[in-house]
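Descriptive structure summary
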Amino acid sequence: MDAEQSRHLSKVLRLNVGDTAELFDGKGCLASAIIKQLGRDQAVLRLTQKQQTPPAPKGRVILAVSIAKGERFDWLIEKCTELGCDHIAAVRYHHTVKMGSDSTMERAAKIAVAALKQSGRVFMPVLSGPADFEPTLADLCRRYPQAALAYGDIEGRPLAAFSMPRPDVIVCIGPEGGFTPHERTALAARSAVAVRFSDAVLRIETAAVAVCAALRQTV
């Protein structure tokens with residue numbers, strides 16, 4: 001294991017040579033291992049047991065969510081990973097604050113790994129973007145052709161009344177400035193359903209966590 005994971009074993013978990021550690025690969029494999037060497041730059045472990053969990057055949061939750069500033073987006077990644085979101089696509093909607101680069105998702109990946117460690121989940125969410133709305137929507141619909149499509153709208157039907165006729169769901173969560181008429185037209189062209197997450201107007205990260213938590217109870 002590399003230096004970062006070695007430090008996690010020794011400084012965070014406070015493990016020593018001879019102790020047993022739990023390892024995962026983010027793809028459903030969970031393993032037990034004995035620490036054989038533990039140094040500043042690397043750790044060496046010997047696998048003693050390995051178990052593979054198959055991915056769920058249906059019920060995937062996919063979020064196409066507007067990028068939010070700094071720690072707000074970090075928090076979104078962390079909490080949605082803990083809740084078991086399957087795919088988080090960072091989107092630059094028209095009203096999204098102009099930010100987001102490849103480094104945004106590099107940081108998001110590190111936060112997601114930490115969230116997996118904390119929550120005990122074994123599947124890493126797919127992280128994609130940042131990218132503009134329409135290419136993202138086309139990409140997600142191609143990846144998940146059987147998914148239902150919904151988007152957050154204070155005037156939409158209540159989330160509790162949103163039926164799930166299909167095995168997966170893609171939810172578009174726009175910026176605080178809302179969707180533009182052009183974006184709404186693109187959603188309507190794909191038969192997207194307007195869904196109200198709350199009676200209040202929610203911030204991006206609050207909406208993402210609220211819908212992820214709700215859908216994880218129903219799909």
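Residues numbered from 1 in each chain as written. Predicted model: local features only at pLDDT ≥ 70, side-chain atom pairs only at ≥ 80, totals over all residues. Heavy atoms only, no water.

Summing up its helical and strand segments, the protein chain has six helices and nine strands in all. Reported as C-alpha extents along the three principal axes, the dimensions of the protein chain are approximately 60 × 35 × 30 Å. Summed over its atoms, the accessible surface of the protein chain is roughly 11800 Å², and 50% of this surface lies on carbon and sulfur atoms. Between the averaged position of the 28 positive side-chain charges in the protein chain and that of its 23 negative side-chain charges there is a distance of 4 Å. (Helix = DSSP H or I, 4+ residues; strand = E, 2+ residues; numbered from the N terminus. Areas by Shrake-Rupley, 256 points an atom, 1.4 Å probe, with all protein chains shown as cover. Lys, Arg positive; Asp, Glu negative; His and termini not counted. Charge placed at Lys NZ, Arg CZ, Asp CG, Glu CD.)

Below, the discussion takes up the side chain of Ser128. Mapped onto the fold, Ser128 is located in strand β6 (residues 126–132). A polar atom in the side chain of Ser128 sits 2.8 Å from the side chain of His87. When residues no more than four places from it in sequence are discounted, the contact partners of Ser128 are His87, Ile88, Ala89, Ala90, Met105 and Arg143. (Polar contact = N/O pair within 3.5 Å; in protein donor to acceptor, adjacent residues only side chain to side chain. Contact = heavy atoms within 4.5 Å.)

Between helix α4 (residues 133–143) and helix α5 (residues 181–189), the least distance of the axes is 11 Å, while the angle of their chain directions is 15°. When the interaxial angle is binned, α4 and α5 end up roughly parallel. The chirality of how α4 crosses α5 is right-handed. The segment α4 lies against α5, with Phe133, Glu134 and Leu137 engaging His182, Glu183, Ala186 and Leu187. Residues belonging to the contact of α4 with α5 are distributed by class as follows: four nonpolar, one polar and two charged. (Axes fitted to C-alpha atoms, helices over the stretch in contact; angles between N-to-C directions. Parallel < 35°, antiparallel > 145°, perpendicular 65-115°, else oblique. Left-handed = near helix turned anticlockwise from the far one by under 90°. Nonpolar A, V, L, I, M, F, W, Y, C, P; charged D, E, K, R; others polar.)

On to the sheet that holds strand β3 (residues 43–52). Read across the open sheet, the three strands follow the order β1-β2-β3; overall the sheet is antiparallel. Each edge of the open sheet is held by one strand with a lone partner, namely β1 (20–24) and β3. Going from strand to strand, the sheet's axes swing by 30° on average, the running direction of each strand aside. Taken together, the five bridges between β1 and strand β2 (residues 29–38) define a ladder with antiparallel strand orientation. Looking across to β2, one finds that Phe24 is bridged to Leu30. With respect to the sheet, helix α1 (residues 3–12) is in contact with β1, β2 and β3, its orientation differing from that of β2 by roughly 80°. (Pairing = 2+ DSSP bridges.)

Next up on the list: the packing of aromatic side chains. Scanning all chains against the criterion turns up three aromatic pairs. With centroids separated by 5.5 Å and ring planes inclined at 80°, the aromatic side chains of Tyr93 and Phe179 adopt a geometry described as edge-to-face. Linking Tyr93 in the loop between β5 (87–92) and α3 (102–119) with Phe179 in the loop between β8 (169–173) and α5, this pair joins segments that are 86 residues apart in sequence. Site record: aromatic cluster; members linked through ring pairs are Tyr93, Phe133, Tyr151 and Phe179. (Phe/Tyr/Trp six-rings, centres within 6.5 Å; stacked < 30°, edge-to-face > 60°.)

Now for the pattern of salt bridges. Here the structure, examined in full by the defined rule, presents twelve salt bridges. Residue Asp132 pairs with Arg92 through a salt bridge whose shortest N-O separation is 3.5 Å. Of this pair, Asp132 sits in strand β6 while Arg92 sits in strand β5, and the two are 40 residues apart along the sequence. Between Arg184 and Asp153 there is a salt bridge, with its nearest N and O atoms 2.8 Å apart. Note that Arg184 is positioned in helix α5 and Asp153 in strand β7 (residues 148–158), a separation of 31 residues in sequence. Taking relative accessible area as the criterion, Arg184 reaches 32% and is therefore assigned partly exposed. One network of salt bridges, in which partners are shared, links Arg72, Glu176 and Glu205. (Salt bridge = Lys/Arg side-chain N within 4 Å of Asp/Glu carboxyl O. Buried < 20%, exposed > 50% of the residue type's maximum accessible area, 1.4 Å probe, protein only.)

Right, let's talk about the packing of helix α2 (residues 70–83) against helix α6 (residues 204–216) for a bit. Here α2 crosses α6 at 5°, and the two axes come no closer than 9 Å. The angle between the axes of α2 and α6 places the two elements in the roughly parallel class. Taking contact as the criterion, the partners of Arg72, Trp75, Leu76, Lys79, Cys80 and Leu83 in α2 are, on α6, Ile204, Glu205, Ala208, Val209, Cys212, Ala213 and Arg216.

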